[in-house]
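Residues per chain are reported as follows:
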Amino acid sequence: MKLVKLLSLVATTSVVAVSMHASAVKLSDAEMKEATQIYFDRCAGCHGMLRKGALGPNLEPKKTTGIGTEALKTIITEGTPGGMPGWGKSGELSTAQTELMAKYIQVEPPMPPEKSMEDMKKSWKVLIPVKDRPKAPESKNWKDYFAVILRDIGKIAIVDGKTKKVISVVKSGYATHITRTSASGRYMYVIGRDGKASMIDLWMKVPKNVAELRPCNDARSIDTSKYKEFKDKYAVVGCYWPPSIVTLDANTLEPLKIVSTASYTIDKNVFTREARVAAIIASHIKPEWIINVKETGQVWLYDYSNVKNPKVTMVEAERFLHDGGWDLSKRYFLTAANARNIISVIDTKEGKLVANIPSQGTKPHPGRGANVNSKIYGPVWISGHIGSNDIIAIGTDPKGHPKNAWKVVKKFKLPGNGGGNLFVKTHPNSKYIFADRPVNPDRKLQTQIYVIDKDKLEVVKTIPIPEKYLKSADPKVKARGPVHFEFNADGSEVWTSIWGNKLTATPILVFDSNTLELKNVISDKRLITPTGKFNVTNTMTDTY
Ligand code: DHE
């Protein structure tokens, strides 16, 4: 069956199907165990642990049994133009596994386990006590270090931004997602998809993990307290499951407070247990974390000044909140409710929603976005889209440029069809914004870097990645191409990872951020599936 026809079937299948197929699918315990792990690793993020849908559609049995195993298997194998990877085509799932998953999503999802403070504390380890850590930095370049996520092997590489040397590789959680720094930049905090938090001391000659804790079973975000006397005091983990916010001691990762985010959806006032914590950002002007709750559509302004009795303002924004970042002034938080093609704007000074802006594309996915002080429009914030090739600029200066504020002032397209952009990034000292496209199905489009001129706000150049950097030990499972950008501390270089597979190390390419010349290729056999990269200076100052 043609994929397009299939997708319309997926979109329209109703409850009627249940009686027809419900009893047809039976899985053994071993199959359930394997499928539950694969679903957690590859599917839960987009479709939800309870399969109610978010970035990806609802996959509850009342829907999937009407589509049937063969049709589901095709989608899992091929992927979709809307941004779902072709897990079979890319070689990440075997034919047998795609069949298993097509069956698994037709049976009721197992209820994932909860986690008490007592459970949490069993996973808490202080690997190097504070008193035994360096009293001063043991390297002069530490503020230009990069933490590089080695996604499929659950590790972090620490790369010296000056020497380009990998100076340490440390274990982290499974399928590590992001890293954030302490306010001082000394510690790099890491969160794995498996909910494991760890912290790396960058002052050590060879940076090492100094503490770890698994506050959740599934997570994507971590940050720290950045306001005045609270700097370097607390860390916070946002959990996908159990749906919760966990405040930790920033020096030891001791868990201090758990708050559930399970609540009511802002549109239909329906209770949802699945209320996953997506992006978290730390205020510089208040003792607050700004916390996205995906399924309810609330942005929580979480005052951590009294850890045991936190004050929370629940701002109604839009459902299925995902990633986002600061505007240039670091007062406004712009965040994508990507399943509804909305960018919500939160005024963190006044503590309220300023606007829900239609993104004019399909599935906005900004990462933290990119900030430009445009000669034409004034301060703007840039986002791309997963489901279309639209890049947008939103005016963010209600005082100086009121007629541009909180609207799309410029929309332009990446060349070629389809979306697939995941991240944009810039730096005040670069003339350009850089965009990737790792989930576009067209290999040529997927393996290019898109260079956007800040003044013109349009793509002025594409940089194809030479095949020699896209190698793989298995020709069927090729490297996906460049993903995610990060600048060095002074903004003179832009780094991007070649997102490979577990079989072969792939490099990090370093370009001059203004001449666009390829300056370095950081190749190291330990760089397996490099994805996100976080420079200490740019991460601690929220420069993007
Ligand atoms: Fe991410 C950021 C969730 C898939 C790499 N990702 C985020 C954030 C969230 C999120 C909520 C914002 C965190 C913050 O700012 O506090 N990501 C999810 C998913 O639910 C999703 C769609 C599926 C999943 O199961 O995880 C998903 N993400 C991916 C990937 O497939 C990526 C490309 C590769 C990987 O590592 O898995 C990926 N996500 C990233 C990166 C960031 C990120 C590199 C941080 C961007 C930044 O510059 O801050």
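Residue positions within a chain follow its written sequence, with the count starting from 1. Only residues with pLDDT of at least 70 are given local features in this predicted model, and only at 80 or more are side-chain atom pairs given and counted; all residues enter the totals for whole chains, interfaces and linings. Side-chain metrics rest on all non-hydrogen atoms present in the structure, leaving aside hydrogens and water.

Caption draft 1: Focus on the pattern of salt bridges. One side-chain nitrogen of Lys or Arg within 4 Å of one carboxyl oxygen of Asp or Glu is enough to make a salt bridge. If you walk through the whole model with that rule in mind, you get 31 salt bridges. Ionic pairing is found between D218 and R220, a salt bridge with its closest N-O pair at 2.6 Å. Both residues of the pair, D218 and R220, count as buried. R331 is the partner of D347 in a salt bridge, and the nearest nitrogen-oxygen pair spans 2.6 Å. With D347 in strand β21 (residues 342-347) and R331 in the loop between β19 (321-326) and β20 (332-337), the pair connects residues that are 16 residues apart, well separated along the chain. Summarising the burial analysis for this pair, D347 and R331 share the class buried. Taken together, the shared-partner salt bridges connect D267, E318, R319 and R340 into one network. Buried, partly exposed and exposed residues are distinguished by accessible area as a fraction of the type maximum, computed with a 1.4 Å probe on protein chains only: under 20%, between the cut-offs, and over 50%, respectively. To qualify as a helix, a DSSP run of H or I must reach at least 4 residues; to qualify as a strand, a run of E must reach at least 2; elements of each kind are numbered from the N terminus.

Caption draft 2: Representation of the layout of surface pockets in the model. The volume enclosed by the second largest pocket comes to roughly 790 Å³. A breakdown of the residues in the lining of the second largest pocket according to their chemical character gives 13 nonpolar, 10 polar and 11 charged. The rule is simple: put a 1 Å grid over the protein atoms alone, call a set of points where a 1.4 Å probe fits but cannot get out a cavity, call an open set with protein on both sides within 12 Å along at least five of seven lines a pocket, and count a residue as lining if it has an atom within 4 Å of a point. Grid points are joined across faces, edges and corners, and a volume is the space filled by probe spheres set on the points. Three classes are used: nonpolar for Ala, Val, Leu, Ile, Met, Phe, Trp, Tyr, Cys and Pro, charged for Asp, Glu, Lys and Arg, and polar for all others, with Gly counted as polar.

Caption draft 3: Main features of the site of the ligand. Nearness of a residue to a molecule or strand requires only that one of the residue's heavy atoms be within 4 Å of it. The local shell around the ligand holds 26 residues, among which R151, H177, R193, R220 and R368 are the closest. Polar contact criterion, stated in full: a pair of N or O atoms within 3.5 Å, where within protein one must be able to donate a hydrogen and the other to accept it, and residues adjacent in sequence count only if both atoms are side-chain atoms. Residue R180 places a side-chain N or O atom 2.9 Å away from an oxygen atom belonging to the ligand. Between the ligand and R193 there is a distance of 2.7 Å, counted from an oxygen atom to a side-chain nitrogen or oxygen. Listed by contribution, the elements that provide at least two residues to the shell around the ligand are α3 (29-47), β5 (176-181), β9 (218-224), β15 (277-282), β19 and β35 (530-535). Broken down by element, the shell around the ligand gets its largest block of residues, four residues, from β5. Among the residues making up the shell around the ligand, the classes are represented as 11 nonpolar, eight polar and seven charged.

Caption draft 4: Representation of helix α5 (residues 69-78). Those residues of α5 that sit buried are T69, A71, L72, K73, I75 and I76. Once α5 finishes, G79 follows within two positions and takes phi at roughly 80°, a positive value.

Caption draft 5: Seen up close, the packing of aromatic side chains. Any pair of Phe, Tyr and Trp rings, taking the six-membered ring for Trp, is counted once the centres come within 6.5 Å. Such a pair is stacked with planes under 30 degrees apart, edge-to-face with planes over 60 apart, and tilted for the rest. Enumeration according to the criterion identifies 15 aromatic pairs in this entry. Here a set of aromatic residues connected by ring pairs shows up, and it is made of F230, Y234, W289, Y302 and Y304. Two conditions define a charge located above a ring, namely a distance within 6 Å from the ring centre to NZ of Lys or CZ of Arg, and an angle within 35 degrees of the ring normal. For the cation-ring pair, R51 lies above Y104, with the distance from its terminal atom to the ring centre recorded as 4.8 Å. Above the face of the Y240 ring, R276 is positioned so that its terminal group lies 4.7 Å from the ring centre.

Caption draft 6: Examining the environment of V307 more closely. Position of V307 relative to the elements: it lies in the loop between β17 (298-303) and β18 (311-316). The spatial distance from the C-alpha of V307 to the C-alpha of Y234 is 9.1 Å, given a sequence separation of 73 residues.

Caption draft 7: Spatial organisation of the environment of P482. Along the chain, P482 falls in strand β31 (residues 482-487). P482 sits 159 residues away from D323 along the chain, and the two C-alpha atoms are 20 Å apart.

Caption draft 8: Looking closely at the confidence of the model for the protein. Known as pLDDT, the predictor's confidence for each residue is given on a scale from 0 to 100. When pLDDT is averaged along the protein, the result is 93, and 96% of the positions lie at 70 or above. Note on residues 11-22: pLDDT is under 50 here. Beyond four places in sequence and across chains, it has 13 contacts. It only takes one pair of heavy atoms within 4.5 Å for two residues to be counted as in contact.

Caption draft 9: Representation of the nonpolar core within the structure. Throughout this description, the term nonpolar core refers to a set of buried Ala, Val, Leu, Ile, Met, Phe, Trp, Tyr and Cys residues connected via side-chain atoms within 4.5 Å. Formed by 37 residues in total, the largest nonpolar core has its most connected members in I156, Y189, I200, L202 and V237. If one sorts the elements of this core by residue count, strand β6 (residues 187-192) sits on top with five residues. Those residues in contact with Y189 that sit more than four places away from it in its chain are I178, T179, R180, T181, S182, S198, M199, I222, T224, A235, A250 and L253. Counting residues in hydrophobic clusters, the runner-up holds 24 residues, among them L27, I38, L72 and M101.

Caption draft 10: Local environment of the sheet that holds strand β24 (residues 378-383). Strands sit in the order β23-β24-β25-β26 across an open sheet of four strands; the sheet is antiparallel. Looking at the sheet topology across the chains shown, the edges are occupied by β23 (370-374) and β26 (408-413). Here the average twist between neighbouring strands, direction ignored, is 25°. Any two strands with at least two DSSP bridges between them are considered paired. Here, axes are lines fitted to C-alpha atoms. For helices the fit covers the stretch in contact, and angles between N-to-C directions go from 0 to 180 degrees.

Caption draft 11: Seen up close, the environment of S94. In this structure, S94 sits in the loop between α5 and α6 (95-104). In the structure, S94 is positioned 17 residues away from T77 in sequence and 9.0 Å away in space, judged by C-alpha atoms.

Caption draft 12: Highlighting the pairing of strand β4 (residues 166-171). Examined bridge by bridge, strand β3 (residues 155-160) and β4 share five bridges and lie antiparallel to one another. When the bridges of β4 are listed, I158 appears paired with S168. Here β3 folds back onto β4, and the loop between the two strands holds five residues, one of which, K164, carries a positive phi near 65°.

Caption draft 13: Geometry of unusual backbone geometry. A cis amide bond, omega -10°, links W241 with the succeeding residue P242. Structurally, P242 is set in the loop between β10 (234-241) and β11 (244-249). One non-glycine residue, R51, lies in the positive phi region at around 70°. Within the secondary structure layout, R51 lies in the loop between α3 and α4 (61-64). You will see that T529, though not glycine, has its phi angle at about 50°, which is positive. Secondary-structure assignment places T529 in the loop between β34 (518-522) and β35. Taking the relative accessible area as the measure of exposure, T529 reaches 0% and is therefore buried.

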